[in-house]
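# Overview (structure and organization)
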Amino acid sequence: MKSEFRIFSIITISMLLAACGAKTTETVFPTQAAGMCGQGASENRLEDRFIVQWEDGSFTIENASSADEFRSGFVRKNLAYIKHVDHDYRVQIRTVASEDASESGNDTASEADSGNVDMLSSLNWGPYSIQADSVWNDGVLGDGVLVGVVDGMVDVGHNQLADNIYINTNEIPDNGIDDDGNGFVDDYKGIKVNAGVNSPALNRHGTHVAGIVSADPDFGPVSGVAPRAKVVPAQFIGNDGSGSIGDAIIALNYVASRGAKIINMSWGLGSCVQVPNLQATLKQLNDRGILLVTASGNGDSNGFGVNMDVSPAYPSAYNFTNQINVAASSRQSALLSFSNYGVKNVHVAAPGGGIYSTTPNNQIETMSGTSMAAPMVSGAAALLWSAIPSATAAQIKQALISSVELPPSPLKVYSGGIINVYRALSELKSLTSQ
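The structure displayed is predicted, hence computed values, not measured ones.

### Examining the pattern of salt bridges
On inspection of all chains with the given rule, the structure shows 12 salt bridges. As a salt-bridge pair, R71 and E26 come within 3.9 Å of each other at their nearest N and O atoms. Of the two residues, R71 sits in helix α3 (residues 67–77) while E26 sits in helix α2 (residues 25–28), which places them 45 residues apart along the sequence. Among the residues examined, R71 registers a relative accessible area of 8% and is labelled buried. Here E26 falls in the partly exposed class, since its relative accessible area comes to 38%. We note a salt bridge from R258 to D187, for which the minimum N-O separation is 3.8 Å. Highlighted residues: R258 in the loop between α8 (245–257) and β8 (262–265) and D187 in the loop between β4 (146–151) and β5 (191–192), separated in sequence by 71 residues.

Written out as structure tokens, the structure reads:
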């Protein structure tokens, strides 16, 4: 009887400890991660890489041969210091192969085209359609604003980007030493988190995104939306267009540490994957007053846009206070067929079809996707912040949403329309009593 009572007591105490939130290897690293759905959710899971959030709020990426080994070894050994563990996952950039001849393709434009006014208008239809040029005419160009481009490789030597790459003056370039002691070697012009050698012929997405934000029109035919804003490059995506959430978390925290007020994320997970440590990272950044700009995504396997209110994908559907989620619109002010949408989880639309921008080796090419629409908004936010530096991220977001251009048939996004940065600046002045 005493033995039975003892066993019962041990079980009861264990249950009480669990109910009170006592940590175990299973509570910090659940067998099935929170927020997973369906059998396809594990498709992009990396079985030998793990994202660890420590009790002090920091994150590291750890490796082990299996989840069971990681729980019984690393997690058990460091349990007192660990807050949460997730499997690492693969993410993809958010471009599409094509839409139609007028909105997409792989056309290129040489700098010789820059003397043709009609060509310039065509090349820059995105910034012009959101009235960025009207803001430029008032002397607002994005000066003093840092935009984190957490993406693929950025060609920091591109003629139209070189002067707009943020320089870490506390680092000596290419000496193989972490001069400023921040944990990154030679981060003079940003960082590269992922492994592998870049192929400029394949890894073009990050340079294209950076150019939409801040390509300098003094040195070529295209103009970024904020042609004097500075880009902080943080590469975690490789030549195949994919990267890992763990590497993304490192990159996100890096650009924040450098002072980025805006972070552009033109990538995402599948609809059945929600990684709590990514959510925790973005919440920390949100709470620091950083504007998080996400691409809503490019539809299902058939290329048709998905309702994000019904089938949310992340990080675009987190809907943080300082997050603005972006759908892709056409020259005809309609949502492009591939663009995800949602009147709750997608806030605005921006030009995303047939967008000309910078690509490696001083090239200019056109790409399409919500990947292109998101940096339109990041650039617009940089213009607003350079005009009114005292504004908050929430005010920038509100100004962009409340000033949209409404087409005859409202779009299936929260605001119903497409951003108009000229009107947004007037709205921001009102919000900040400027």
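### Section: the packing of aromatic side chains
Where two aromatic rings form a pair, the distance of their centres and the angle of their planes describe that pair. In total, this model carries 10 aromatic pairs according to the counting rule given. For the pair F70 and F74, a centre-to-centre distance of 5.0 Å together with 10° between the ring planes defines the contact as stacked. Of this pair, F70 and F74 both sit in helix α3, separated by four residues, roughly a single helical turn. Overall, F70 belongs to the buried group, its relative accessible area being 1%. Following the ring pairs from residue to residue traces out a cluster consisting of F29, F50, W54, F70 and F74. The ring of F29 is capped by R71, whose NZ or CZ atom sits 4.1 Å from the centre of that ring. Over the face of the ring belonging to Y341 we find K412, whose NZ or CZ atom lies 5.5 Å from the ring centre.

### Thoughts on the side chain of D187
Classification of D187 as buried rests on a relative accessible area of 1%. Within the local environment of D187, its side chain forms a polar contact with the side chain of N168, the two groups lying 3.3 Å apart. Of the polar contacts made by the side chain of D187, one reaches the side chain of Y254; its length is 2.8 Å. Those residues in contact with D187, other than ones at most four positions away along the chain, are N168, E171, D180, N182, Y254 and R258.

### Section: empty space enclosed by the protein
Inspection of every chain in the model, using the stated rule, returns one cavity of 30 Å³ or more. Considering only enclosed or pocket space, the largest cavity measures out at about 70 Å³ in volume. Among the secondary structure elements, those contributing two or more residues to the lining of the largest cavity are α5 (125–129), α7 (205–214) and β13 (355–359).

### Quick look at the packing of α8 against helix α9 (residues 276–287)
Look at α8 against α9: their axes get within 10 Å of each other, and the N-to-C directions meet at 10°. With respect to α9, the element α8 is oriented roughly parallel. Of the residues in α9, those in contact with I245, I249, L252, N253 and A256 of α8 are N277, L278, T281, L282 and L285.

### Remarks on the sheet that holds β8
Strand order in the open sheet formed by seven strands is β5-β6-β4-β8-β10-β11-β12, with parallel pairing between adjacent strands. The open sheet has two edge strands, β5 and β12 (348–351), and neither has a second partner. Docked against the sheet, α7 engages β4, β6 (230–235) and β8, running at close to 160° with respect to β4.

Reading guide: rules and limits
- Residue indices begin from 1 for each chain and proceed along its sequence in written order.
- Reporting in this predicted model follows two pLDDT cut-offs: at least 70 for local features of residues, and 80 or more for side-chain atom pairs to be given and counted; totals over whole chains, interfaces and linings ignore these cut-offs and use all residues.
- Neither water nor hydrogens contribute to the side-chain values; these are computed over all heavy atoms in the structure.
- We count a salt bridge whenever a side-chain nitrogen from Lys or Arg sits within 4 Å of a carboxyl oxygen from Asp or Glu.
- To qualify as a helix, a DSSP run of H or I must reach at least 4 residues; to qualify as a strand, a run of E must reach at least 2; elements of each kind are numbered from the N terminus.
- Burial status follows relative accessibility: with a 1.4 Å probe on protein chains alone, a residue under 20% of its type maximum counts as buried, one over 50% as exposed, and anything between as partly exposed.
- For Phe, Tyr and Trp, rings pair up if their centres lie within 6.5 Å, where Trp contributes its six-membered ring, and each pair is then called stacked (planes under 30 degrees apart), edge-to-face (over 60) or tilted (otherwise).
- Look at NZ for Lys and CZ for Arg. If either is within 6 Å of the ring centre and within 35 degrees of the ring normal, a charge sits over the ring.
- Any pair of nitrogen or oxygen atoms within 3.5 Å is treated as a polar contact; in protein, a donor-acceptor pairing is required on top of that, and neighbouring residues in sequence qualify only through side-chain atoms on both sides.
- Contacts between residues were defined by any pair of non-hydrogen atoms, one from each residue, lying within 4.5 Å.
- Each cavity reported here is a set of points on a 1 Å grid over the protein atoms alone in which a 1.4 Å probe fits but cannot get out, each pocket an open set with protein on both sides within 12 Å along at least five of seven lines, and each lining residue one with an atom within 4 Å of a point.
- Grid points are joined across faces, edges and corners, and a volume is the space filled by probe spheres set on the points.
- Where helices are involved, their axes are fitted lines through C-alpha atoms of the stretch in contact, as for all axes, and angles between N-to-C directions lie from 0 to 180°.
- Angles are sorted into four bins: roughly parallel if under 35 degrees, roughly antiparallel if over 145, roughly perpendicular if 65 to 115, and oblique for all others.
- Any two strands between which DSSP finds at least two bridges are classified as paired.

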